[in-house]
Amino acid sequence: YRIAVFASGQGNNLQALVDAEAAGTLGGQIDLLVCDKPNAPVIERAKRAGVDCFVFNPKSYPSREDAERDIIVQLKKRSIDLIVLAGYMRLLTSTIVEPYMGRIINIHPSLLPAFPGKDAIGQALRYGVKVTGVTVHFVDGGMDTGPIIAQRALEIDPNDDEHSLAQRIHRIEQELYPQVVSLFVQGKIALDGRLVTFQS
Ligand code: GRF
């Protein structure tokens, strides 16, 4: 089972997936990193793990679709079965979403549908919610709108700031994401319209 991770940033989720693969609990292999930020720390992590990297500069393409067509060439070359978004800061267009529908997942640091988009942790703190969390969902054409696969909640402490809350959220993400990927690879996640069910 062949997996591509798309990421733009630190790569802690990529690392968690790579570690799960090394431990034999992922059930698939991470064959490609797609990264839109030529200086992102995630690239070093991928290289260290022996993962091929396709790094591109969005500014060198006339449109998002043109960039995505080049990405698809890389996905096809490696017969990628599943796309895992891990802090990929670009919205995918139908160029990728349509052919890979049901095979693209994302992780988002809030309990969707609350606080979609950028800075979800800051949004939750400023709004004053007392509970927030992490969501893994299928990707459709929207911003964090696709069918929800799994969620974990956590309480916001009155003393929390962005740093302390982000740390707890990231810890949960790094535990949850490899679990969900493993379930997906085992064919245990079924999608029926908006609803996701689990086969035992
Ligand atoms: C994570 O919080 C993820 O939920 C969000 O971007 C962050 C990526 O972190 N969409 P990392 O690059 O995996 O460390």
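About the thresholds
Per chain, the residues get numbers from 1 upward, laid out in the order the sequence is written. Per-residue local features of the predicted model are confined to residues with pLDDT of at least 70, and side-chain atom pairs are confined, for both listing and counting, to 80 or more; whole-chain, interface and lining totals are unaffected and use all residues. Note on terminology: a nonpolar core is any set of buried Ala, Val, Leu, Ile, Met, Phe, Trp, Tyr and Cys residues joined through C-beta atoms within 7 Å. Whether a residue is buried, exposed or partly exposed follows from its count of other C-beta atoms within 10 Å of its own C-beta, namely 20 or more, 12 or fewer, or something in between, respectively; the C-beta atoms are built from the backbone. Contact between residues is assigned whenever the C-beta positions, reconstructed from backbone atoms, fall within 7 Å. Using a C-beta atom placed from the backbone, a residue is scored as near a molecule or strand whenever that atom is within 6 Å of it. The nonpolar class holds Ala, Val, Leu, Ile, Met, Phe, Trp, Tyr, Cys and Pro. Asp, Glu, Lys and Arg form the charged class, and all remaining residues, Gly among them, are polar. Put simply, DSSP marks the helices as runs of H or I at least four residues long and the strands as runs of E at least two long, and each gets a number from the N terminus on. Pairing between two strands is assigned when DSSP locates at least 2 bridges connecting them. Under this scheme, a helix contributes an axis fitted over its contacting stretch, all axes are lines through C-alpha atoms, and angles between N-to-C directions fall in the 0 to 180 degree range. UniProt positions are given in the numbering used here, feature names are shortened, and annotations may be inferred rather than shown by experiment. Helix span is expected to be 1.5 Å times the residue number reduced by one. We call a crossover right-handed when, viewed with both strands directed away from the observer, the connection leading from the first strand over the helix to the second proceeds clockwise. The labels follow the angle: roughly parallel below 35 degrees, roughly antiparallel above 145, roughly perpendicular from 65 to 115, and oblique for the rest. By definition, any crossing whose near helix is turned counterclockwise from its far helix by less than a right angle is left-handed, and any crossing with a clockwise turn is right-handed.

Remarks on the nonpolar core
With 49 residues, the main nonpolar core has V5, L17 and L33 as its most contacted residues. The residues touching V5, leaving out its near neighbours within four places in the chain, are L14, L17, I30, L33, V84 and A86.

Focus: the site of the ligand
The ligand sits among 14 residues. The nearest are G9, Q10, N12, N13 and G87. Here the residues of the shell around the ligand are counted per class, giving five nonpolar, eight polar and one charged.

Notes on unusual backbone geometry
The linkage connecting L112 with the following residue, P113, adopts the cis geometry, with an omega of 15 degrees. The residue P113 is located in the loop between β5 (104-108) and α5 (120-127) in this model. Unusually for a residue other than glycine, S79 sits at a positive phi of about 50 degrees. Considering the arrangement of structural elements, one finds S79 in the loop between α3 (64-77) and β4 (82-85).

Digging into the sheet that holds strand β3 (residues 52-55)
Taken in spatial order, the seven strands line up as β3-β2-β1-β4-β5-β6-β7 in an open sheet, and their pairing is mixed. The sheet is open, and its two borders are formed by β3 and β7 (148-155), each paired with just one other strand. On average, each strand axis in the sheet is tilted by 20 degrees relative to the strand beside it, whichever way the strands run. Strand direction decides the pairing type here: strand β1 (residues 2-6) and strand β2 (residues 29-35), joined by five bridges, are parallel.

What to know about the UniProt feature "domain: Formyl transferase N-terminal" (unreviewed entry) in the protein chain
The UniProt feature table records "domain: Formyl transferase N-terminal" (unreviewed entry) at residues 2-181. Spanning residues 2-181, this segment combines 37% helix with 23% strand, and its end C-alpha atoms are found 11 Å apart.

Some words on the environment of C53
Relative to the assigned elements, C53 resides in strand β3. In sequence terms C53 and L32 are 21 residues apart; their C-alpha atoms lie 5.7 Å from each other. Excluding anything up to four places from it in sequence, C53 contacts L33, C35, I43, A46 and K47.

Regarding helix α6 (residues 162-185)
With 24 residues, α6 ought to run about 34 Å at 1.5 Å a step, and its terminal C-alpha atoms sit 33 Å apart, in line with that. When α6 is considered as a whole, its buried residues turn out to be I169, E173, L176, Y177, P178, V181 and F184.

What about the pairing of β2?
Counting buried positions along β2 gives five out of seven residues, so the element sits mostly inside the fold. Crossover connection from β1 via helix α1 (residues 12-23) to parallel β2: handedness right-handed. Of the strand pairs in this sheet, β2 and β3 are connected by four bridges, and their pairing is parallel. Bridge assignment links L32 to a residue of β3, and that residue is D52. As a crossover connection, the stretch from β2 through helix α2 (residues 41-48) into β3 is right-handed.

Points about the packing of α5 against α6
Each pair of packed helices can be summarised by the angle the axes make with each other and by the distance between the axes. It is at 10 Å that the axes of α5 and α6 come closest, and there the two elements cross at 125 degrees. The angle between the axes of α5 and α6 places the two elements in the oblique class. Where α5 crosses over α6, the handedness of that crossing is right-handed. Where α5 abuts α6, its residues I121, G122 and L125 lie against E162, L165, A166 and I169. Considered class by class, the residues forming the contact of α5 with α6 number five nonpolar, one polar and one charged.

Points about the UniProt feature "active site" (unreviewed entry) in the protein chain
Mapped onto this numbering, the UniProt entry gives "active site" (unreviewed entry) at H108. The residue H108 is located in strand β5 in this model. In contact with H108, not counting residues within four places along its chain, are A120, T135, H137 and D144.

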